[in-house]
Amino acid sequence: AAEELGQLLPSGAYDEVLSALRKADECLQLYLREFPLPALSFELGADTLSLLKTRNACLDADQFFELISLCLAQSGAYRHLKEHRLEAPELFALIEEDPPLPQIPKAIEAVFDPHRTVRSSASRELADIRSSMGKKRTAADRIFYRVRQKLASKGLLGDIDESVHDNRRVLAVQAGYKSQVNGIFHGSSNKHSLYYMEPSECIAINNEIAQLIDEERKEVQRILRQLTAEMALYQPQLERYRDLLIRLDVVRAKAQFGKRFDCIVPRVNREGRTRLIEARNPV
């Protein structure tokens, strides 16, 4: 909106000038009656809407929530101007042809929870994968706990007896006892006093968990790609939402300027006559 105002030039088109003045005055009158336009701000990355034009594109969680932000801003402006359409007919006419699309936020929120994580309910396959993963992790924790207790009772572990490496729990074995522990080596401490070992008893189930993690990642990608394709159907409408909100923000800026400097709406004529009464430079 600031960029558009910065490029604004005088116009010789009577109807265009008159319409622009009416919109600014309607917005100003709403301010004076304490019915200002609601927040028009929205988050929208430069590539989000253009990606919806790209075949097989896949938006990420933040980009989907940008679409929600855009829809909520447009919905708020639409409801407000519809409620005050008698006082602001020109402003309502600007947005009347583009009513809200509640199905967009609804579809996105059906896939994501408030923390922007894909819900298990987003697909039956994802629910099954996560259910299996939970059971496997519980079983892996039990096995790991038994091994840790056994080695700790023998005094083979360090003061910090466990760690995590590549999403796998590993035991911190004292360097002098590393040959007494069967498993996969995952590295050592800075001073080489501890060796991080994945117990052999845990390897098989950890491999199964790793496979489930990969399946989860692929299923999440499939869900996001499908949701992106669904949102792509609304791409032209979303672009109009963005452009309308920018235009409304331009009008609001004019109204706020007018309010700040006690400006009035001039009477415009087609003859090119100008009469300035007690004029002053607002700058």
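Residues numbered from 1 in each chain as written. Predicted model: local features only at pLDDT ≥ 70, side-chain atom pairs only at ≥ 80, totals over all residues. Heavy atoms only, no water.

Where do I start with the packing of aromatic side chains in this structure?
Given two aromatic rings, one states the distance between the centres and the angle between the planes to describe the pair. The final tally for this structure, using the stated rule, is 5 aromatic pairs. Residues Phe185 and Tyr195 carry aromatic rings whose centres are separated by 5.5 Å and whose planes lie at 45° to one another, so their mutual orientation is tilted. Residue Phe185 is located in strand β3 (residues 183-188), and its partner Tyr195 is located in strand β4 (residues 194-199); the two are separated by 10 residues in the primary sequence. Exposure remark for Phe185: the relative accessible area of 46% places this residue in the partly exposed category. A network of ring pairs unites the aromatic residues Phe64, Phe65 and Phe112 as a single cluster. Lys178 extends its terminal NZ or CZ atom over the ring of Tyr195, reaching a point 5.1 Å from the ring centre. (Phe/Tyr/Trp six-rings, centres within 6.5 Å; stacked < 30°, edge-to-face > 60°. Helix = DSSP H or I, 4+ residues; strand = E, 2+ residues; numbered from the N terminus. Buried < 20%, exposed > 50% of the residue type's maximum accessible area, 1.4 Å probe, protein only. Lys NZ or Arg CZ within 6 Å of the ring centre and 35° of its normal.)

Whenever I open this one, the pairing of strand β2 (residues 168-174) confuses me. Can you help?
In summary, the side chains of a regular strand alternate between the two faces of the sheet. Taken across its 7 residues, β2 has 5 buried, putting it largely inside the fold. Relative to β2, strand β1 (residues 157-165) runs antiparallel, the two being bridged by 5 bridges. The partner of Leu157 across the bridge, within β2, is Val173. As paired elements, β2 and β4 share 4 bridges and run antiparallel to each other. Considered in β4, the bridge of Gln174 is made with Leu194. (Pairing = 2+ DSSP bridges.)

Mind showing me how you'd approach the pattern of salt bridges here?
In a structure, side chains of opposite charge can pair up when their charged atoms sit close to one another. The final tally for this structure, using the stated rule, is 20 salt bridges. Residue Glu90 is joined to Lys23 by a salt bridge in which the shortest nitrogen-to-oxygen separation is 3.5 Å. Taken as a pair, Glu90 in helix α5 (residues 89-95) and Lys23 in helix α2 (residues 14-32) lie far apart in primary sequence, 67 residues in all. Taking the shortest distance from any N to any O, the salt bridge between Arg169 and Asp141 comes out at 2.9 Å. Residue Arg169 is located in strand β2, and its partner Asp141 is located in helix α7 (residues 124-153); the two are separated by 28 residues in the primary sequence. In this structure Asp141 comes out as partly exposed when scored by relative accessible area, which is 37%. A network of salt bridges, in which partner residues are shared, links Asp141, Arg148, Glu162 and Arg169. (Salt bridge = Lys/Arg side-chain N within 4 Å of Asp/Glu carboxyl O.)

Explain the nonpolar core here, please?
A general tendency of soluble globular proteins is for nonpolar side chains to be buried together. Among the nonpolar cores identified, the biggest contains 45 residues, and Phe64, Leu67, Ile108, Phe112, Met231 and Leu238 are the most heavily contacted of them. Elements supplying a minimum of two residues to this core: α2, α4 (61-83), α5, α6 (103-111), α8 (200-232) and α9 (235-260). It is α4 that contributes the most residues to this core, 11 residues altogether. When sequence neighbours within four positions are dropped, the list of residues in contact with Leu238 reads Leu49, Leu52, Leu67, Leu70, Cys71, Ile104 and Met231. One finds Ile143, Phe144, Leu157 and Met197 within the second-largest nonpolar core, a separate group that totals 15 residues. (Core = buried A, V, L, I, M, F, W, Y, C linked by side-chain atoms within 4.5 Å. Contact = heavy atoms within 4.5 Å.)

In this structure, what is going on with the environment of Ala122? I would like to understand it.
For Ala122, the position within the fold is in the loop between α6 and α7. With a relative accessible area of 26%, Ala122 lands in the partly exposed category. Sequence separation of Ala122 and Ser200 is 78 residues, and the distance between their C-alpha atoms is 36 Å.

Looking at this structure, I do not really get unusual backbone geometry. What am I missing?
One can expect most non-glycine residues to show negative phi and most peptide bonds to be in trans. The phi dihedral of Glu34 is positive, around 65°, even though this residue is not glycine. Along the chain, Glu34 falls in the loop between α2 and α3 (48-51). Classification of Glu34 as exposed rests on a relative accessible area of 68%. Even without being glycine, Glu278 reaches a positive phi, approximately 50°. Within the secondary structure layout, Glu278 lies in the segment after α9.

What is the right way to look at α6 in this model?
Since the α-helix advances by 3.6 residues per turn, residues separated by three or four positions end up pointing in the same direction. Of all the positions in α6, only Ile104, Pro105, Ala107, Ile108 and Val111 are classed as buried. Axial view of α6: buried residues confined to an arc of 160°, hence all on one face. Buried residues belonging to α6 abut α4, α8 and α9. (Arc of directions from axis to C-beta.)

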